Number of protein chains: 2
Amino acid sequence: MVIHNTYSSLADTLSYRRQRLANLIDFPVILWSGSSSPRNFPANLLPFRPSSHFLYFAGLPLQNAAIRLESGKLELFMEDPKPSSALWHGEMPKRDEIAQQIGADAAKPMSELEFFLEDAATIAVQDAGTWTQQSQLLNRWVLPQNPLQGIDLELAKAIISLRLTHDEGALIELRKAAAVTVAAHKAGMAATSKATLEAEVRAAMEGVIIASNMTTSYNSIVTVHGEVLHNEQYHHPLQPNDLVLADVGAETEMGWAADITRTWPVAGKFSPTQKDIYNVVLAAHDACIAKIRPEVEYGDIHLLAATVIAEGLIDLGILQGNAEDLVEIDAHALFFPHGIGHLLGLDVHDMEDLGDLAGYEAGRQRSDRFGLGYLRLNRPLRSGMLVTIEPGFYQVPAILNDANLRVKYQNVVNWQRLSQFADVRGIRIEDDVLVTASGSEVLTAALPNDADTVENLVS
Amino acid sequence: MVIHNTYSSLADTLSYRRQRLANLIDFPVILWSGSSSPRNFPANLLPFRPSSHFLYFAGLPLQNAAIRLESGKLELFMEDPKPSSALWHGEMPKRDEIAQQIGADAAKPMSELEFFLEDAATIAVQDAGTWTQQSQLLNRWVLPQNPLQGIDLELAKAIISLRLTHDEGALIELRKAAAVTVAAHKAGMAATSKATLEAEVRAAMEGVIIASNMTTSYNSIVTVHGEVLHNEQYHHPLQPNDLVLADVGAETEMGWAADITRTWPVAGKFSPTQKDIYNVVLAAHDACIAKIRPEVEYGDIHLLAATVIAEGLIDLGILQGNAEDLVEIDAHALFFPHGIGHLLGLDVHDMEDLGDLAGYEAGRQRSDRFGLGYLRLNRPLRSGMLVTIEPGFYQVPAILNDANLRVKYQNVVNWQRLSQFADVRGIRIEDDVLVTASGSEVLTAALPNDADTVENLVS
């Protein structure tokens, strides 16, 4: 079946996705949107984020809703807003209006969902209220952490095969998220000279995202301690010799994400040692992107990054030996201990709610190698996939002070030379790269990453 | 027992609170902090907010921790960070260091908590992972929505009696939250002239909060549709004749909240009709604050606001009759349908996780009157209480177009006259007021609320 991948509306995009799903499975599917969780008391709610699988097929961030998909048909289940809610929440669109907007074939109250459950597959939503409801209605455990089985597993595999590559409707959203994220990073760089705390740079960046009526797609990292990989503290003062590492991404109202990291000097000028390492990381970044095209193994992209970083560190006198040999023994991972990137889409680690089912080609499993264990994507690339490329260099005390690692790598690291790079705690450069038929397109290319231009954006 | 209410440290503050609790109950208490909930996949977490009851006695926003209180003693239960977490999260403080900081008498792994449960009371934490754990360990249902019973109810009442008035340690934090919230509102006003969307004003306001390394204490309301009381949409364009209603508050790192509303003209100049209504609301606001002192009934403050609003609307020709009579029949509630305010502390509606147990004096219940049913606080005021005062005027279609209400109030509303105020959709003015021995102190007084100064801050 050939369906032209052009859309006049949200309803057409969703219809296309349903048809593709119907080509893969022959059982009904029910996907729940999820509900808000209370923060410190029931009326004070955490920000609502619908299930990504629901968003993919329902398009809109509806709360307490479900959709039923069967043979390309879409049924929407949700309650109409209570009359009393108009006082507090204003006039909200009614079920029938929403159904029309998303091209549903039918629209019913949530209370009728119980009559349409037979033989239906589903995927657990993250919030406990919803997976409890899923489990009760389907009369089996539907738990986020449970391994998928039976038709649920078949459904997950079918959805993965769709969501692995992005249709035009998705790309419109992903480009919007990328554009706002680019603007956020530029604002962060521009705000640095007047900022005294990490939190102020973060505010400038998230301010751009909030002003665009988007949310962050994950908790921002904005830190002078880039060596702490998932640093969610923002209280450190900015010192003139520090680097700011900012890993911040926007998410559109319909849930599509971007994910960019830049590293820049507080003073607007890299020190010579900072620039040397920055250019090693950038060389790895550029080499990986140059290699991206369909059929290339993402694992090989990771190894390429490792090799380029090892080469760069050899040139700087930090590592000793031959780059390929060093990568073979994971010496690069002393400084680059994470994977080169991940899938990106509705989730910033796309479909990671399904464990490694999306990230890893069937039959493949995580390596237990120090340098490969954190790789989140291990598949041949295909046109339409969106991946991040995010090499880095970090001086992580927990690694570099590890007695076993120091013994293991005593002959390949020049610790004396390394000590001259003490002003480089962490550098990462991350862009969002779409695999195209002929190679790749960097969706975040509007944000410069060469050292000189970054310096100019800061000062 | 006399304890001097002065503190040299967090540990002293916490010790003081424990001693006060020990004077009220004679059974052990275990309070859990709670844990993060996943957003769209397990590694992508919603922002963590500890239980307020835990924060009150433990002081720090610890995750996956519990404290046991007995006879003024404090025991901390939490796991030490795993060695592997240093890679991702950096070196985190160890249990013993935290125990010292908060003045704990003992510190044990969370896994040992099961040996210290006997006869202990608790209060449910909001996140399902934690209340499930509470229920399992205590071998009884501990559910956020369940009515409290037995020692849990006794504990709740004891905690309420402490938290109803604020000690010096709390006030230091509450003043910090108020100061940042004042700055956020000034930034929102200043950003309005260049903003085209509500979202941009919101960004300026939340940017100040983020830059101060705080969070919002609730989901911000920043809207030109002030008539939608809990409006959490930010996509509307700002039109020159619109009013922006911004209800935005900061929360400190230790969890203490502020809550301010201001309403200002997009163009920097109220229209005559907008200014007329604004001054009615401000008159109610000022009259309420002037009346606040110990022993005054908060319900009477609410009725005073209703009366002043009714008087103002009579003067403007919108209502007809005598103000007291109009309030008696709830005519004011056509335009002021909510309560005059609420308790404020660690929660923006303080202790609302306990239902009306904190807000309502023993033996009192919510009224079913149109004009009183939404009153969240109904107690005599006491020195050290912090309350909001937030009168408003709204033209809510769900109310003003309600056929029954139009009939009921046909003789008291001059609809013709009202139609001349069409450019006033919603106005609210809210400040945070501390009850003092001699009267009150407005913690948010640094933010002007008179119409002229507000205009100047905008333009």
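Residues numbered from 1 in each chain as written. Chains lettered and ligands numbered in written order. Predicted model: local features only at pLDDT ≥ 70, side-chain atom pairs only at ≥ 80, totals over all residues. Heavy atoms only, no water.

A. Focus on the sheet that holds strand 4 (residues 66-70) of chain A. Residues and elements named next belong to chain A. Strand order in the open sheet formed by four strands is 1-4-5-6, with mixed pairing between adjacent strands. Each edge of the sheet is formed by a strand with only one pairing partner; in this case those strands are strand 1 (29-32) and strand 6 (106-108). On average, each strand axis in the sheet is tilted by 20° relative to the strand beside it, whichever way the strands run. In this sheet, strand 5 (residues 73-77) lies alongside strand 4 in antiparallel orientation, the contact comprising five bridges. Its bridge partner lying in strand 5, A66 is registered against F77. Relative to the sheet, helix 4 (residues 95-102) contacts strand 5 and strand 6, its axis offset from that of strand 5 by approximately 155°. (Pairing = 2+ DSSP bridges. Helix = DSSP H or I, 4+ residues; strand = E, 2+ residues; numbered from the N terminus. Axes fitted to C-alpha atoms, helices over the stretch in contact; angles between N-to-C directions. Contact = heavy atoms within 4.5 Å.)

B. The interface of chain A and chain B, seen in detail. At the junction of the two partners, chain A supplies 54 residues and chain B supplies 54 residues. Both faces combined, the contact of chain A with chain B buries some 4,600 Å², and carbon together with sulfur accounts for 62% of it. For the chain A face of the interface with chain B, the top three residues by lost area are R39, L87 and W88 of chain A, together amounting to 17%. Along the contact surface separating chain A from chain B lie two salt bridges. Across the pair R39 of chain A and E251 of chain B runs a salt bridge whose closest N-O atoms are separated by 3.0 Å. On inspection of chain A and its partner chain B, the count reaches 15 residue pairs in polar contact (both at pLDDT 80 or more). Those elements giving two or more residues to the side of chain A that touches chain B turn out to be strand 2 (38-41), strand 3 (44-45), helix 3 (85-89), helix 8 (198-211), strand 7 (215-216) and helix 12 (397-400) of chain A. (Buried area = accessible area lost by both parts, 1.4 Å probe. Salt bridge = Lys/Arg side-chain N within 4 Å of Asp/Glu carboxyl O. Polar contact = N/O pair within 3.5 Å; in protein donor to acceptor, adjacent residues only side chain to side chain.)

C. Structural view of the relation of the copies chain A and chain B. With an axial shift of 0.0 Å and an RMSD of 0.0 Å, the rotation relating chain A to chain B amounts to 180°. Considering both components of the superposition, the chain copies are consistent with a two-fold axis. For chain A, the residue whose C-alpha comes nearest the rotation axis is G207 of chain A, separated from it by 2.7 Å. Comparing interface residues between copies, 100% of those in chain A also sit at the interface in chain B, which points to an isologous, same-surface contact. (Least-squares fit on C-alpha atoms with pLDDT ≥ 70 in both.)

D. Layout of the side chain of Q274 of chain A. All names here are of chain A. As for its position among the elements, Q274 is in helix 9 (residues 272-291). When its relative accessible area of 2% is taken as the criterion, Q274 is described as buried. One polar contact links the side chain of Q274 to the main-chain carbonyl oxygen of N241, over a distance of 2.8 Å. Here D423 takes part through its backbone oxygen, which lies 3.0 Å from a polar atom of the side chain of Q274. Among residues more than four places away in sequence, those in contact with Q274 are N241, D242, L243, K269, D423, V424 and I427. (Buried < 20%, exposed > 50% of the residue type's maximum accessible area, 1.4 Å probe, protein only.)

E. Here's a closer look at the environment of S111 of chain A. Residue and element names in this part refer to chain A. When you line up the elements, S111 lands in the loop between strand 6 and helix 5 (128-138). Relative accessible area serves as the criterion here: at 45%, S111 is assigned to the partly exposed category. For S111 and R175, which are 64 residues apart along the polypeptide, the C-alpha to C-alpha distance reads 38 Å.

F. Just the pairing of strand 9 (residues 243-248) of chain A, in detail. Residue and element names in this part refer to chain A. Taken across its six residues, strand 9 has six buried, putting it largely inside the fold. Covered by surrounding structure in strand 9 are L243, L245 and D247 together with V244, A246 and V248, the residues of both alternating faces. In this sheet, strand 9 lies alongside strand 8 (residues 221-223) in antiparallel orientation, the contact comprising three bridges. Within the sheet, the bridge partner assigned to V222 lies in strand 9 and is A246. For strand 9 and strand 11 (residues 260-265), the ladder comprises six bridges, and the chain directions are antiparallel. Directly across from V244, in strand 11, lies its bridge partner W264.

G. Structural detail: the UniProt feature "domain: Aminopeptidase P N-terminal" (unreviewed entry) in chain A. Those places that UniProt annotates as "domain: Aminopeptidase P N-terminal" (unreviewed entry) correspond, in this numbering, to residues 9-136 of chain A. Taken as a whole, residues 9-136 of chain A contains 33% helix and 18% strand, while its terminal C-alpha atoms sit 35 Å from one another. (UniProt positions renumbered as here; feature names shortened; annotations may be inferred.)

H. Geometry of helix 15 (residues 451-458) of chain A. Residue and element names in this part refer to chain A. Residues of helix 15 that are buried include every one of A451, V454, E455 and V458, and no others. Around the axis of helix 15, the buried residues are gathered within 100° of arc, so they sit on the same side. The secondary structure elements touched by the buried residues of helix 15 are helix 7 (168-191), strand 11 and helix 9. (Arc of directions from axis to C-beta.)

I. Highlighting the packing of helix 1 (residues 10-22) of chain A against helix 6 (residues 150-163) of chain A. Residue and element names in this part refer to chain A. Between helix 1 and helix 6, the shortest axis-to-axis distance is 10 Å and the interhelical angle comes to 130°. When the axis of helix 1 is compared with that of helix 6, the two are oblique. For the element pair helix 1 and helix 6, the recorded crossing hand is right-handed. Taking contact as the criterion, the partners of R17, R20 and L21 in helix 1 are, on helix 6, L155, A158, I159, S161 and L162. (Parallel < 35°, antiparallel > 145°, perpendicular 65-115°, else oblique. Left-handed = near helix turned anticlockwise from the far one by under 90°.)

J. Quick peek at the domain arrangement of chain A. Residues and elements named next belong to chain A. Partitioning chain A into structural domains gives domain 1 (10-163) and domain 2 (168-458). The C-alpha centroid of domain 2 is placed 34 Å from the C-alpha centroid of domain 1. Counting from both sides, the interface comprises 19 residues of domain 1 and, opposite them, 17 residues of domain 2. Both sides of the domain 1 and domain 2 interface together cover about 1,400 Å² of buried area, and 60% of this is carbon and sulfur. It is R49, I160 and R163 in domain 1 that bury the most area against domain 2; as a group they hold 37% of the surface buried on that side. Here domain 1 and domain 2 share three salt bridges between them. Between R49 and E251 there is a salt bridge, and its shortest N-O distance comes to 2.7 Å. (Domains from an automatic or database assignment.)

K. Looking closely at the pattern of salt bridges. All names here are of chain A. As enumerated under the stated definition, the model contains 50 salt bridges over all chains in all. Among the ionic pairs, R163 bridges to D347, the shortest N-O distance being 3.1 Å. Separated by 184 residues along the polypeptide, R163 in helix 6 and D347 in the loop between helix 11 (323-328) and strand 12 (386-389) bring together distant segments of the chain. Judged by relative accessible area, D347 falls into the buried class, the value being 0%. A single salt-bridge network, built from bridges that share partners, covers R68, E70, E75 and K108.

L. The arrangement of the nonpolar core in detail. Ranked by size, the top nonpolar core spans 135 residues in total, and within it L21, L155 and I277 of chain A carry the most contacts. In this structure I277 of chain A touches L313, L316, I318, F393, F421, V424 and I427 of chain A, once residues within four positions along its chain are discounted. If you look at the next biggest cluster of nonpolar residues, it comprises 134 residues, including L31, I67, V224 and L334 of chain B. (Core = buried A, V, L, I, M, F, W, Y, C linked by side-chain atoms within 4.5 Å.)

M. A look at the packing of aromatic side chains. Residues and elements named next belong to chain A. Tallied over the full model, the rule gives twelve aromatic pairs over all chains. For the pair F77 and F116, a centre-to-centre distance of 5.5 Å together with 55° between the ring planes defines the contact as tilted. Taken together, the positions of F77 in strand 5 and F116 in the loop between strand 6 and helix 5 put the pair 39 residues apart, joining distant regions of the chain. Given the relative accessible area of 0%, F77 is considered buried. Here F116 falls in the partly exposed class, since its relative accessible area comes to 23%. Counting every residue linked through ring pairs, the aromatic cluster contains Y56, F57 and W256. One Lys or Arg, R17, reaches over the ring of Y56 and ends 4.4 Å from the middle of that ring. (Phe/Tyr/Trp six-rings, centres within 6.5 Å; stacked < 30°, edge-to-face > 60°. Lys NZ or Arg CZ within 6 Å of the ring centre and 35° of its normal.)

N. Local environment of helix 1 (residues 10-22) of chain B. Residue and element names in this part refer to chain B. A rise of 1.5 Å per residue sets the reference length of helix 1, with its 13 residues, at 18 Å; its end C-alpha atoms lie 18 Å apart and thus fit the reference within 8%. Along helix 1, the residues that are buried comprise A11, T13, L14, Y16, R17, R18 and L21. For helix 1, the side-chain oxygen to backbone nitrogen distance between the N-cap and A11 is 3.3 Å, and the N-cap itself is S9. (Expected span 1.5 Å × (residues − 1).)

O. Geometry of the environment of P337 of chain B. Checked against the element boundaries, P337 of chain B lands in the loop between helix 11 (323-328) and strand 12 (386-389). Through-space distance from the C-alpha of P337 of chain B to that of N322 of chain B is 19 Å; in sequence the pair is 15 residues apart. Not counting the four nearest positions on each side in its chain, P337 of chain B is found in contact with L87 of chain A together with L229, F370, Y374, Y394 and I399 of chain B.

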